[in-house]
Structures are given as structure tokens and as C-alpha cells.
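# Coordinate analysis (summary)
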Amino acid sequence: MEKNKDKLIKTIFSDAILIDIDFSNWDKCISLIVLADHLNSSFFKRRKPVFKIIFNKVKSINFDFNHYKDYMYENDPDKHYTWLIDRSRIGKIESMKEIALSQFGERSTIHIKFSDYEVIEISPKILDEININWKLPFSPLARGSVENIHKIIKKK
């Protein structure tokens, strides 16, 4: 079972776009929401699958932001760098697991130490309801800032 889960996560992260980082339950888990554009969705034939990878009992998380050396959107507040992931390394350090997620060419990298993880496919319609523009080129992360969430709530 564990080997199948590791194979699935390696497949997902062989070509993924980071859509959101969920810290809302940080004391129990941290989740990454990704679009795996090379796989098929269980929900829709014409849409690519969105996965929520839940890292339980996270001991540490580290971000290396290496995109600035060729960052083209610095002076355009409406354009954002697409956070691609096409490399993953899963290992074990003492009793913890560790994953490193990055893009080829020394782009931004996420390192996470955790006890276990779960992989769940979620409907992209959930993201559509939060931010219909999440899938457009140059979009920020799906949820946006607290201020953006407030604007969405006030519109309803």
C-alpha cells in the first residue's frame, strides 16, 4: 500500500502546477493543492485532475524561492509566476519522511518533513467557486490573500 501511495505521489509531482498551499490546520497538517495536467480526472472528462496532498504532523517546511533571477513579472502586479513541479524526492530521516518538490532548472523548491501523507482527488469546481480565475495563466494561488477572500464573501 505504501509503495502504491509513493508511486502515485511521484506520478502526480512528475508534472504538476501548485494551485494552493493550505496552512489552515497547520497544527495537524499542511496541504498542497496541485493540478496534475498529465493525468485524467475522476470527476470530468475534459478537465485535468486536482489533488490535495495532505502532509500530517509536519515537523518542518522550507521554501527556497529561486525564481527571482529571471523573474519577468516584477513590475506587473496582475501577473504571477506559475509554480511548476516536475521533480520530487521522497526519503526518510529517522522516524520522519521528507519530500523535496521542485522544477527542473533550479526554480523554487519546497522541503517538507512529516509523519505520513494522504492523496485525495478533489473536484476543480471547488476551486471555481472560490476563484474562477485560478486556472488562468499568470494567476496567483487559488485562494489569494485574506483581503481577496473578504471581497469574494462581500459579493455574495
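Data block above holds the structure.
These remarks concern the structure in this document. No experiment lies behind these values; they were computed from the predicted model shown. (Residues numbered from 1 in each chain as written. Predicted model: local features only at pLDDT ≥ 70, side-chain atom pairs only at ≥ 80, totals over all residues. Heavy atoms only, no water.)

### Quick word on the sheet that holds strand S9 (residues 116-122)
What counts, and what does not: Should DSSP find at least two bridges between two strands, the strands are regarded as paired. Starting at the N terminus, helices and strands are each numbered in turn, a helix being any DSSP run of H or I of at least four residues and a strand any DSSP run of E of at least two. Contacts are assigned to residue pairs that have any heavy atoms within 4.5 Å of one another. Every angle, taken between N-to-C directions, lies between 0 and 180 degrees, and every axis is a line fitted to C-alpha atoms, over only the stretch in contact when it is a helix.
Strands sit in the order S5-S1-S2-S3-S9 across an open sheet of five strands; the sheet is antiparallel. Looking along the sheet, the strands with just one partner apiece sit at the ends: strand S5 (84-85) and S9. Across two bridges, strand S1 (residues 16-22) lies against S5 in antiparallel orientation. Bridge assignment links Ile-17 to a residue of S5, and that residue is Leu-84. Along the sheet, helix H1 (residues 2-12) contacts S1, strand S2 (29-35), strand S3 (50-56) and S9; its crossing angle with S9, the most-contacted strand, is approximately 55°.

### Remarks on the environment of His-150
Among the secondary structure elements, His-150 is positioned in helix H3 (residues 146-155). When the C-alpha atoms of His-150 and Thr-11 are compared, they prove to be 36 Å apart, with 139 residues separating the residues in sequence.

### Side note on the sheet that holds strand S6 (residues 87-93)
Pairing within the open sheet is antiparallel, and its four strands lie in the order S4-S8-S7-S6. With partners counted over all chains shown, the strands left at the sheet margins are strand S4 (60-64) and S6, one partner each. Neighbour-to-neighbour, the strand axes of the sheet open up by a mean angle of 10°, direction not taken into account. Bridge count for S4 against strand S8 (residues 109-114) is five bridges, and the pairing is antiparallel. Residue pairing for S8: Ser-60 is matched across the bridge by Lys-113. Contacts from H1 reach S6 and strand S7 (96-102), with the element oriented near 145° to S6.

No statement about biological role is implied by the geometric values presented.
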